Amino acid sequence: MTVCSFFVEKERRVKANARDYNDKFSYADNRIKTSKYNIFTFLPINLFEQFQRVANAYFLVLLILQVIPEISSLSWFTTIVPLVLVLVITAVKDATDDYFRHKSDQQVNNRQSQVLIRGRYKWMNVRVGDIIKLENNQFVAADILLLCSSEPYGLCYIETAELDGLETRFSFHCSCSEDWCYMNLLSVFFPCLSGEVICEPPNNKLDKFTGTLYWRDNKYPLDNEKMLLRGCVLRNTEWCFGIVIFAGLQTKLMQNCGRTKFKRTSIDKLMNTLVLWIFAFLICMGVILAIGNTIWENWIGRNFEVFLPWDEFQSSAVFSGFLTFWSYIIILNTVVPISLYVSVEVLRLGHSFFINWDRKMYYSQMDTAAEARTTTLNEELGQVEFIFSDKTGTLTQNIMVFSKCSINGQTYVTFLTSTFPQKTACVDFSFNPLCDRRFKFYDCSLVEAIKLEDPAVQEFFRLLALCHTVMPEEKRHLVYQAQSPDEGALVTAARNFGFVFRARTPETVTLCEMGRAVTYQLLAILDFNNVRKRMSVIVRNPQGQIKLYSKGADTIIFERLDPSSDDLMCTTSEHLSEFAGEGLRTLALAYKDLDEDYFEVWMKKLLFASTVIENREDQLADLYEEIEQGMKLLGATAIEDKLQEGVPETIACLSLADIKIWVLTGDKLETAMNIGYSCNMLRDDMNEVFVISGHTLLEVQQQLSVHDAGWKCYTVMLPSVASTGGWCYRKVVICLTGVLHVSALQAHALEPQLEPILLDLACLCKTVICCRVTPMQKAQVVELVKRHKKAVTLAIGDGANDVSMIKTAHIGVGISGQEGMQAVLASDYSFAQFRYLQRLLLVHGRWSYFRMCNFLGYFFYKNFAFTLVHFWYGFFCGFSAQTVYDQWFITLFNIVYTSLPVLAMGLFDQDVNDQNSLRYPSLYKPGQQNLLFNKRQFFLCTLQGMATSFLLFFIPYGAFSLMVKEDGSHFSDQQAFAVTIATSLVIVVSVQIGLDTHYWTAVNHFFIWGSLTVYFAILFAMQSDGIFGIFPSNFPYIGTARNCLSEKSVWLVILLTTVVCVVPGLVVSFLRVDLFPTLTDKQSRRKQGPQEQNLRRVRRTSSRRSAYAFSHQQGYGELITSGKNMRMSTVSSARSPGRTPHSSNWIENMLKRKNEVSCVSFESKGSPEEQQESNTDSKTTTLRLTD
């Protein structure tokens, strides 16, 4: 069946190793493209984008008018040269940005991949239907169907952090069928392998896939566990083979990335509006002057027709007025000069370089500097109201550290505190040759308790070594494969205290306890899920005793304790409150001795319940509940989810700047809330939580609408969106949580009817945490705020799962982290640490906004002052469209005479330095409220410019009508009048920019005084005898400057004009500081230091728990007891002789895996340094031990 590419794809058909067949469907190749242009589309698309600026289109129309000689009194080059310059500069900048996008695309597209038949291919040449081979630690090239792997039962382990943002380390995936993998593995190595896959069309659902594999007259059902998605990394699997199902832009990763959008700042949009206003004002002035010309021609002009005859085409006074209208449109067009846009681009480029050069945003450990990947959004950084942040890898390092524990009512710590100061030596673990030397511990009492064989302490660490789903692997070293970083930290702690987890089979767990190898029979694993919030194991020790070990959320464990543990529970609860107050992830540990007879009866019930069809999960849950009653408390653990440096302080500082921070993460509620407490986004006064469990649209709508009169705390539970935060003025927390379910989210939380309610509720919070959201849902949440709140949004993340929201937000920030470079490549700004966001916004963003606003206000002021002189002059020149100034002065005023001082102010000006910008975050608020440049400020600037133009014209006009030269003659020539006004204008605007400058540098002095010097040098040069002799028609003002400026009375007029123009604005500025001070004025008056306690990390002392800490997935317990994830040699060695493993010799030779159980003796020869070697993977914590 052939499907044309222009039809909507309803199903996908893929044949293995059949490119000719697959090409008929026009499937996308594996090439990705994040760039906007190519060599053919760059010019038309870029010009189209540039002419979306109203000003560019406006100047294009003016250029057309200027080439009409009947209406133009200015040369066309005065407009075309600046316009072409602006278009070229902007095009070069856009081309440079897009070149780097092309370059990054090529780096990805040129990665090497092994195609089964054709050998090594670049990623971009991989096609749908190709069978490719992946090796350990390689990125998955496309969305592939797993066929087989080096692991038993076709399992493979992948890391999905870059794809979905979960902090879970590994996810296991299995091939299509055990028979397919084991009985037909050799078929993979033959090019004649055939098979057809029929599956769903490309979509963005990360958690869903349905299809069927047809091979050798057999059908194999396919689901999401059979798929390896692009963006994942193969881990702890030597190799695997898979068939490409979706490639390139049709992969689920790219489907979630969204389109690259053309971003413009709010100031750009405002300037478009202002240009329209100015154009309307320009038309009004042209109409007034045209009407004046018509009236003047009718009443006065007819009297001069003898020596001022009309042109042949000028038939009437009305037509003369029509021509005059267009002439004045051209003359007065400099109210919005094209140089404004050139200057804006130069300023933005300079601000971008300041970000790139900021050494305080350089991260030396990764040799990574901050980078402004775009130059068009800098001032927008000073107006951010909402920050949308990823969690894993952005706020956290995804590194867990065993920090504290409580054992039998006694607390122990593993890091420096006031009790153990910095000078305290680390505990010597040399007695344990299996210890991990990266593990730092300062409380010697726990080590002494281990050496004294304290029963409670030994049982505590025995539980940690037994109750988990970690997999050991022994090659040259012992490697722990933990599916969650929490489990790795706990098992590592047990290892350091002498209880080393060495090996497991489906029926046994082997520990090395204080140098002795001990094997426990694994009888059952009571697996974790989100409802139970705990996991348990039942084991039989070598003495024949049956024990149940359990760990989980403290509230869950405490409800199931034996009454004999009540006193210990109270003590442990106090310790847990202390741990939780420090933002640590807490777990409670308990055990139970089981009677043999009771366990046999319970086991029979378990086997029966595991085989029933109806209500199997409920019956299993009841049995788990039954056996987990009456446990005895051992203690509690506290794990630190290590935040990036400076995260709490950064969030506290941004909150003081009235920036609302929303965290959007794929992790579950407990994990996200725990980070919320660690970051001080959640506080003690957010402690009452009510759960709303609506699952239908009506229920969710009703429950969202419930707002108590007392503004109590709520936890709103939705099927798939989560948020947590506090009201700005009331101490309230709102949590929304649920499971990862795209259709449920679209049907409930983001349903159009619920959007206003959800947004109103969330915007009352200072902090919002959205849990279990997909990459596309992140973008939908950002779009929701953009659409309804009209506020500037910023999205920050470090993984491919964050690309969609980074592209959707007004500003996208990528962190160069451990999850690849996808977020950086899609971002507008990038750096290495979250804490640099504080400096990016409060310093660079605020400065850029402040400078741009002052620049625009001054620019409009000086150009209205410059241009409107022509308007006043029109009433005295018969409305003849004659210019006041020399044509060269009009051309050079904005390009030469006044360009550099305003650029210096726009580049270097600052009202406060960077230290005070960070010390007083409230100074950021004017940008959010758009106070520094808005329509009102524009009106005031233009009003000042109009008043200045009025004074610039009428003061010299009145003076010249009365003033005489030193020789007694009158100033009767228009040229001297023009030079006087021009000189006054240059001096007035230079003095005004000096008064407007807050921070003087050598560059400011050089540019201001240098511009004045250049003005007089050019003025005298262009009106000299020499230049007139060379170009008599182009420089008619011969000797005017020399004759005019040699008169003292002219300088008195210039001085009077300057004083009268400048003093009123100076008086208004002084009065404003006293009567209407800004935040900057108030802070500059403040003598006392800032309230730095607001920035300190708040310690939680409430009884609120961090809940179950694990970023854990359900299903690993069943996987372990089935033996499917065990190495073949281990499984077979552990089985009884009568049982034959599901394997064969050739498979064992192929896998080449051995996992011999051994225990290093404490009396082994050699130093501990010689016996131990550690290796930490960049993304997974792997513990290695030399054999």
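The shown structure was predicted, so the numbers you read here are calculated from the model rather than taken from an experiment.

Novice: Sorry, what's going on with the packing of aromatic side chains here?
Specialist: The relation between two aromatic rings is expressed through the spacing of the ring centres and the mutual angle of the planes. Within the structure shown, the criterion is met by 51 aromatic pairs. Between Phe353 and Trp357, the ring centres sit 5.2 Å apart and the planes meet at 25°, which makes this aromatic pair stacked. The class of Phe353 is partly exposed, set by a relative accessible area of 35%. When the centroid spacing of 6.1 Å and the interplanar angle of 85° are considered together, the rings of Phe831 and Tyr836 count as edge-to-face. Like Phe831, the residue Tyr836 is buried in the burial classification. Members of the aromatic cluster, joined through ring pairs, are Phe871, Trp872, Tyr873, Phe875, Phe876, Phe879, Phe950, Phe953, Phe954, Tyr957, Phe960 and Phe977.

Novice: Hey, could you run me through the environment of Ser1024 in this one?
Specialist: Locating Ser1024 in the fold gives a position in the loop between helix H33 (1002–1022) and helix H34 (1025–1030). Ser1024 sits eleven residues away from Phe1035 along the chain, and the two C-alpha atoms are 8.8 Å apart. A polar contact of 2.6 Å, which involves the side chain of Ser1024, links it to the backbone oxygen of Ala1021.

Novice: Would you explain the sheet that holds strand S3 (residues 119–122) in this entry?
Specialist: The pairing of strands in a sheet comes from backbone hydrogen bonds and takes either a parallel or an antiparallel form. Reading across from one edge, S3-S2-S4-S13-S5-S11 is the order of the six strands in this open sheet, with antiparallel pairing throughout. The sheet terminates laterally at S3 and strand S11 (227–228), the two strands that pair on one side only. Bridge count between strand S2 (residues 112–115) and S3: four bridges; the pairing is antiparallel. Residue pairing for S3: Ser113 is matched across the bridge by Tyr121.

Novice: Quick question: what am I supposed to make of the packing of helix H8 (residues 266–299) against helix H9 (residues 317–331) here?
Specialist: Packed helices, taken two at a time, are described by the angle their axes make and the gap between the axes. Between H8 and H9, the shortest axis-to-axis distance is 8 Å and the interhelical angle comes to 145°. For the pair H8 and H9, the sense of crossing is right-handed. Taken together, the residues of H9 that come into contact with H8 (itself represented by Leu282, Ile283, Gly286, Val287, Leu289, Ala290, Asn293, Thr294, Glu297 and Asn298) are Ala317, Val318, Ser320, Gly321, Thr324, Phe325, Tyr328 and Ile329. The residue makeup of the contact of H8 with H9, split by class, is ten nonpolar, seven polar and one charged.

Novice: Looking at this structure, how should I read the UniProt feature "active site" (unreviewed entry) in the protein chain?
Specialist: Per the UniProt annotation, the sites labelled "active site" (unreviewed entry) are Asp390. Within the fold, Asp390 resides in the loop between strand S15 (384–389) and strand S16 (396–407). Overall, the relative accessible area of 0% leaves Asp390 in the buried class. If we ignore the near neighbours within four places in the chain, the residues touching Asp390 are Leu395, Val663, Leu664, Thr665, Lys778, Ile796, Gly797, Asp798, Asn801, Asp802 and Met805. Here Thr394 takes part through its side chain, which lies 3.5 Å from a polar atom of the side chain of Asp390.

Novice: What is the right way to look at a nonpolar patch on the surface in this model?
Specialist: Together, Phe279, Ile283, Val287, Ile291, Ile295, Trp299, Ile300 and Phe304 make up an exposed nonpolar region whose accessible area comes to about 710 Å². Structurally, Ile291 is set in helix H8. Judged by its relative accessible area of 47%, Ile291 is partly exposed.

Novice: Quick question: what am I supposed to make of the pattern of salt bridges here?
Specialist: Two side chains that carry opposite charge are able to pair once their charged atoms sit near each other. Here the structure, examined in full by the defined rule, presents 34 salt bridges. For Glu625, the salt bridge identified is with Arg534, shortest N-O distance 3.0 Å. Taken as a pair, Glu625 in helix H17 (residues 616–627) and Arg534 in strand S23 (residues 534–540) lie far apart in primary sequence, 91 residues in all. For Asp593, the salt bridge is made with Lys547, and the minimal N-O distance between the two is 2.5 Å. Separated by 46 residues along the polypeptide, Asp593 in strand S25 (residues 585–594) and Lys547 in strand S24 (residues 546–552) bring together distant segments of the chain. Asp593 sits in the partly exposed class, given a relative accessible area of 45%. Each of Arg532, Arg534, Glu559, Arg560, Glu625 and Glu628 takes part in a single network of salt bridges with overlapping partners.

Novice: What exactly am I supposed to notice about the sheet that holds strand S26 (residues 632–643) here?
Specialist: The strand order across the open sheet built from nine strands is S17-S16-S26-S25-S24-S23-S22-S21-S20, with neighbouring strands paired in antiparallel fashion. Because the sheet does not close on itself, it has two edges, and the strands there are strand S17 (410–413) and strand S20 (499–504). Strand-to-strand, the axes of this sheet are offset by a mean angle of 30°, without reference to chain direction. Of the pairings in the sheet, the one linking strand S22 (residues 516–526) to S23 comprises five bridges and is antiparallel in character. For Ile525, the partnering residue across the bridge sits in S23 and is Val537. Seen against the sheet, helix H15 (residues 566–581) touches S16, S17, S25 and S26 and runs at an angle of roughly 0° to S26.

Novice: Is there a simple way to think about unusual backbone geometry in this case?
Specialist: Of all residues except glycine, most have a negative phi; of all peptide bonds, most are trans. Phi at Asp367 is positive, roughly 50°, even though this residue is not glycine. Looking at the secondary structure, you find Asp367 in the loop between helix H10 (339–356) and strand S14 (371–372). The exposed category is assigned to Asp367, whose relative accessible area is 57%. Its identity as a non-glycine residue notwithstanding, Glu453 has a phi of 60°, on the positive side.

Novice: Before we go on, may I ask you to explain the side chain of Gln383 in this structure?
Specialist: Position of Gln383 relative to the elements: it lies in the loop between S14 and S15. In this structure the side chain of Gln383 is engaged in a polar contact, spanning 3.5 Å, whose partner is the backbone oxygen of Gly927. A polar contact of 3.2 Å, which involves the side chain of Gln383, links it to the side chain of Asn930. Not counting residues up to four positions away in its chain, the partners in contact with Gln383 are Ser266, Ile267, Val792, Tyr849, Tyr924, Gly927, Gln928 and Asn930.

Novice: Please clarify how helix H32 (residues 974–996) should be interpreted in this entry.
Specialist: Residues that lie three or four places apart on an α-helix share one face, since the helix turns once every 3.6 residues. Across its 23 residues, H32 extends 33 Å between first and last C-alpha, which sits within 8% of the 33 Å expected from 1.5 Å per residue. Counting buried positions along H32 yields 18 of 23 residues, so the element is predominantly enclosed.

Novice: It is not clear to me how the pairing of strand S27 (residues 660–664) should be interpreted in this structure. Could you clarify?
Specialist: Of all five residues making up S27, five are buried, and the element is well covered by its neighbours. Neither face of S27 is left uncovered, since the one carrying Lys660, Trp662 and Leu664 and the one carrying Ile661 and Val663 both have all their residues buried. Relative to S27, S15 runs parallel, the two being bridged by four bridges. Bridging from a neighbouring strand, Ile387 pairs with Ile661 of S27.

Novice: In this structure, what is going on with the packing of helix H16 (residues 596–609) against H17? I would like to understand it.
Specialist: At a minimum axis distance of 9 Å, the contact between H16 and H17 shows a crossing angle of 165°. As far as their axial angle goes, H17 and H16 are roughly antiparallel. Crossing angle aside, the handedness with which H16 passes H17 is left-handed. Contact with H16, carried on its side by Tyr598, Phe599, Trp602, Lys605, Leu606, Phe608 and Ala609, involves Arg616, Gln619, Leu620, Leu623, Tyr624, Glu626 and Ile627 of H17 and no other residues of that element.

Here is what the cut-offs are and how they apply
- Residues numbered from 1 in each chain as written.
- Predicted model: local features only at pLDDT ≥ 70, side-chain atom pairs only at ≥ 80, totals over all residues.
- Heavy atoms only, no water.
- Phe/Tyr/Trp six-rings, centres within 6.5 Å; stacked < 30°, edge-to-face > 60°.
- Buried < 20%, exposed > 50% of the residue type's maximum accessible area, 1.4 Å probe, protein only.
- Helix = DSSP H or I, 4+ residues; strand = E, 2+ residues; numbered from the N terminus.
- Polar contact = N/O pair within 3.5 Å; in protein donor to acceptor, adjacent residues only side chain to side chain.
- Pairing = 2+ DSSP bridges.
- Axes fitted to C-alpha atoms, helices over the stretch in contact; angles between N-to-C directions.
- Left-handed = near helix turned anticlockwise from the far one by under 90°.
- Contact = heavy atoms within 4.5 Å.
- Nonpolar A, V, L, I, M, F, W, Y, C, P; charged D, E, K, R; others polar.
- UniProt positions renumbered as here; feature names shortened; annotations may be inferred.
- Patch = residues over 30% accessible without salt bridge, like charges linked within 9 Å, V, L, I, M, F, W, Y side chains within 5 Å.
- Areas by Shrake-Rupley, 256 points an atom, 1.4 Å probe, with all protein chains shown as cover.
- Salt bridge = Lys/Arg side-chain N within 4 Å of Asp/Glu carboxyl O.
- Expected span 1.5 Å × (residues − 1).
- Parallel < 35°, antiparallel > 145°, perpendicular 65-115°, else oblique.

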